[in-house]
Amino acid sequence: MSQSMQAGFPIREQVTSFIEGRYTRLAGHELPVVFPGDARRISTLVEAPADEVDAAVRSARAAFEDGRWRRQPVEARQAVMRKVADLVDQHRDELAYLECMNSGIPMRHLQKGQIPRTAYNFRFFAEFLGQHAEKLHGQTDGYLTLVLREPVGVAALIGPWNAPLALTSMKIAGAIAFGNSCVCKPSEVTPLAVARFMELLVEAGVPPGVVNLVNGRGGVTGEALVAHPQVDLVSFTGGTQTARRISASAGEGLKPLSLELGGKSANIVFESADLDRAVDAALVGIFSNNGQQCLAGSRILVQRTVLERFVEAFAQRARKLRIGSPLDPATEIGPLAFQAHRQRVAGYVDIARADGAQLLCGGAPVEALEPGFYFQPTAVLARDNTARVCREEIFGPFATIVPFDTQDEAYAIANDSEFGLVSYVWSDHQPTVMRALSEIRAGMVWINTPMTRDLRAPFGGIKASGYGREGGESSMKFYTFEKTVMLPTVPPSIPRMGI
Ligand code: NDP
């Protein structure tokens, strides 16, 4: 496959499927892969139609059935997974570059955050695997009852475009640690880094066929993958509407499903908060990763007594954020991932105005950086929580600030949402913090801290933010099934029938 060199790292001219340890050479429907920083086409994605998806699933199935991976000793699988992590570290700049070139996520964020996270995903699950013990019950007289955990089979792993490698690698690490095989389907917008990662997996010693890749549009490649009869379970991270379609298809096949979906998360700033820190964290919470993150604190609820101070500081700092090429290490905000997405984000400025919201800063594309898909960091002050910008996930650098008076009101607003992914609370008053813990209905609550994750702990949402959890034991439960074995300690007496 020919490649073009860009900034020292090669970008494949065509991104095809990766099956049985090799890129395929299929000709088919082509989609452009674009650098959002200047709208330049940098590669071409060749879409996998249903028969290629079938080949990928069969490859994963064969690898699972012949046990080339799952029957390897735990120590051997751990060693390979650690090697994957080492290779990711060695290729950090290249993977960051590929991810940056098709997602627009700033390099500094990738090099310090998402790519090291990819390595950590593999190290974590390698260690987890070595620690986990199966269960034994000795209470039934004359028996030992063993509860074994076995891999489910072939996993379909479908990821979004806002953190392609970090999220897909977490799914792969969780799936293969316990002996499953898998087929990954990244977003058609961001195939580059995940494709390169496939080669590193093979180089590290993951046997060909254990991890396969298909690329293409969700409605074509993704649907064929979820519906494939030899796929045993589906892990999906993406939007709520897509999740509804996937649930219907997976439900038809009675396939276990894990759904990590969107959010409209409340970031609650009480008057008892350290306001400087709350402003710092609110900016990070909505503007990091170009505002395209499920965990974004996109509804900032501020107690009216400190509203003016908060709004002034927040808007002033938002105006000063450094917008520019995601390749520039100084850039804080890069372009949005694709043109249609920027149009959608921009559309919310008019929607906010129509609902009576006040524009505090931003609200327009960055003309000086056209034809890149840049959008100014934007904040609006909503009249109340009924505004559409309070209810819909915008998934861009767009903060909605909502005032409140009392604690009761704050929790009522925070919970008045279709979503329930995460929440943030800012207060130095302990009773307020303790009450927040019990009042907030979301899968995760951060107190006086910006987002941070512990891979040992379950992560996931409620309501339209999905169901299922990822993280140490939660991933193990999803990617394995329990097999109960009754083992008699002495030969049990057997009633003699038919004598
Ligand atoms: P989408 O739901 O549009 O797409 C997610 C993935 O599903 C993509 O690979 C997409 O392919 C694929 N897909 C689309 N339709 C189907 C289908 N019918 N069958 C199978 N696969 C399909 O989400 P986005 O990519 O736009 O990602 C943004 C969303 O992801 C936001 O809502 C965000 O909140 C959420 N998200 C949630 C996270 C969490 O952990 N809770 C983390 C990160 C993001 P293609 O793009 O090629 O069409």
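Let me begin by describing the structure that accompanies this report. (Residues numbered from 1 in each chain as written. Predicted model: local features only at pLDDT ≥ 70, side-chain atom pairs only at ≥ 80, totals over all residues. Heavy atoms only, no water.)

Here's the deal with the overall build of the chain
When you go through the chain residue by residue, the secondary structure sums to 15 helices and 24 strands. Over its C-alpha atoms the chain spans a radius of gyration of 24 Å, differing by no more than 12% from the 23 Å that the globule rule assigns to 499 residues. Its C-alpha atoms give the chain principal-axis dimensions of about 85 × 60 × 40 Å. Here the chain holds 499 residues, and 56% of them are scored as buried. (Helix = DSSP H or I, 4+ residues; strand = E, 2+ residues; numbered from the N terminus. Rg over C-alpha atoms; globule rule 2.2 N^0.38 Å. Buried < 20%, exposed > 50% of the residue type's maximum accessible area, 1.4 Å probe, protein only.)

Describing helix H8 (residues 240–252)
Given a rise of 1.5 Å per residue, 13 residues ought to cover 18 Å, and the 18 Å separating the end C-alpha atoms of H8 matches this to within 8%. Three or more residues of H8 are buried, namely Thr240, Ala243, Ile246 and Ala250. One side of H8 holds all its buried residues, which, seen down the axis, span an arc of 105 degrees. Opposite its buried face, H8 presents the exposed residues Gln241, Arg245, Ala248 and Glu252, each directed more than 90 degrees away. Packing partners of the buried residues in H8 comprise strand S10 (154–158), helix H7 (218–227), strand S13 (233–237), strand S14 (257–260) and strand S20 (419–420). (Expected span 1.5 Å × (residues − 1). Arc of directions from axis to C-beta. Contact = heavy atoms within 4.5 Å.)

Let's talk about the sheet that holds strand S18 (residues 378–381)
Within the open sheet, the seven strands sit side by side as S17-S18-S19-S16-S15-S21-S22. Their pairing is mixed. The open sheet has two edge strands with one neighbour each: strand S17 (358–361) and strand S22 (444–447). On average, each strand axis in the sheet is tilted by 25 degrees relative to the strand beside it, whichever way the strands run. Each of strand S15 (266–269), strand S16 (299–303), S17, S18 and strand S19 (398–404) touches helix H10 (residues 304–320); the most contacted strand, S16, lies at about 140 degrees to it. Across the face of the sheet, helix H11 (residues 339–354) comes into contact with S17, S18 and S19 while running at roughly 30 degrees to S19. (Pairing = 2+ DSSP bridges. Axes fitted to C-alpha atoms, helices over the stretch in contact; angles between N-to-C directions.)

With respect to the side chain of Glu94
Secondary-structure assignment places Glu94 in helix H3 (residues 92–103). For Glu94, the contacting residues outside a window of four places in its chain are Phe9 and Arg196.

Comments concerning the nonpolar core
Ranked by internal contacts, the top residues of the largest apolar core, which has 67 residues, are Met81, Phe122, Ile172, Ile176, Met198, Leu201 and Val211. In terms of residues, this core owes the most to one element, helix H4 (residues 107–131), which gives 10 residues. The contacts of Met81, once residues within four sequence positions are left out, are Trp69, Phe122, Phe125, Ala126, Ala173, Ile176 and Ala177. Listed in part, the 36 residues of the second largest apolar core include Leu283, Phe287, Ile300 and Ile401. (Core = buried A, V, L, I, M, F, W, Y, C linked by side-chain atoms within 4.5 Å.)

A look at the sheet that holds strand S7 (residues 40–46)
Pairing is mixed in the open sheet, where three strands are placed in the order S3-S7-S6. Each of the sheet's edge strands pairs with one partner strand only, and the pair in question is strand S3 (14–15) and strand S6 (30–35). Across the sheet, H3 is in contact with S6 and S7; its angle to S6 comes to roughly 105 degrees.

Some remarks on the pattern of salt bridges
For the structure shown, the criterion picks out 29 salt bridges. In this structure, the salt-bridge partner of Asp66 is Arg68, at a minimum N-O distance of 2.9 Å. Since its relative accessible area comes to 24%, Arg68 is described here as partly exposed. Between Glu473 and Lys477 there is a salt bridge whose closest N-O contact spans 3.7 Å. Linking Glu473 with Lys477, this pair stays in helix H15 (residues 472–479), spanning four residues, or about one helical turn. By relative accessible area, Glu473 is classed as partly exposed at 44%. A relative accessible area of 48% means that Lys477 is categorised as partly exposed. Sharing partners across several salt bridges, the network here consists of Glu20, Asp66 and Arg68. (Salt bridge = Lys/Arg side-chain N within 4 Å of Asp/Glu carboxyl O.)

Comments concerning the pairing of strand S11 (residues 181–185)
Across the five residues that make up S11, a large majority, five, are buried. Burial along S11 is two-sided: Ser181, Val183 and Lys185 facing one way and Cys182 and Cys184 facing the other are all buried. By the bridge criterion, five bridges tie S10 to S11 in an arrangement that is parallel. Looking across to S11, one finds that Ala156 is bridged to Val183.

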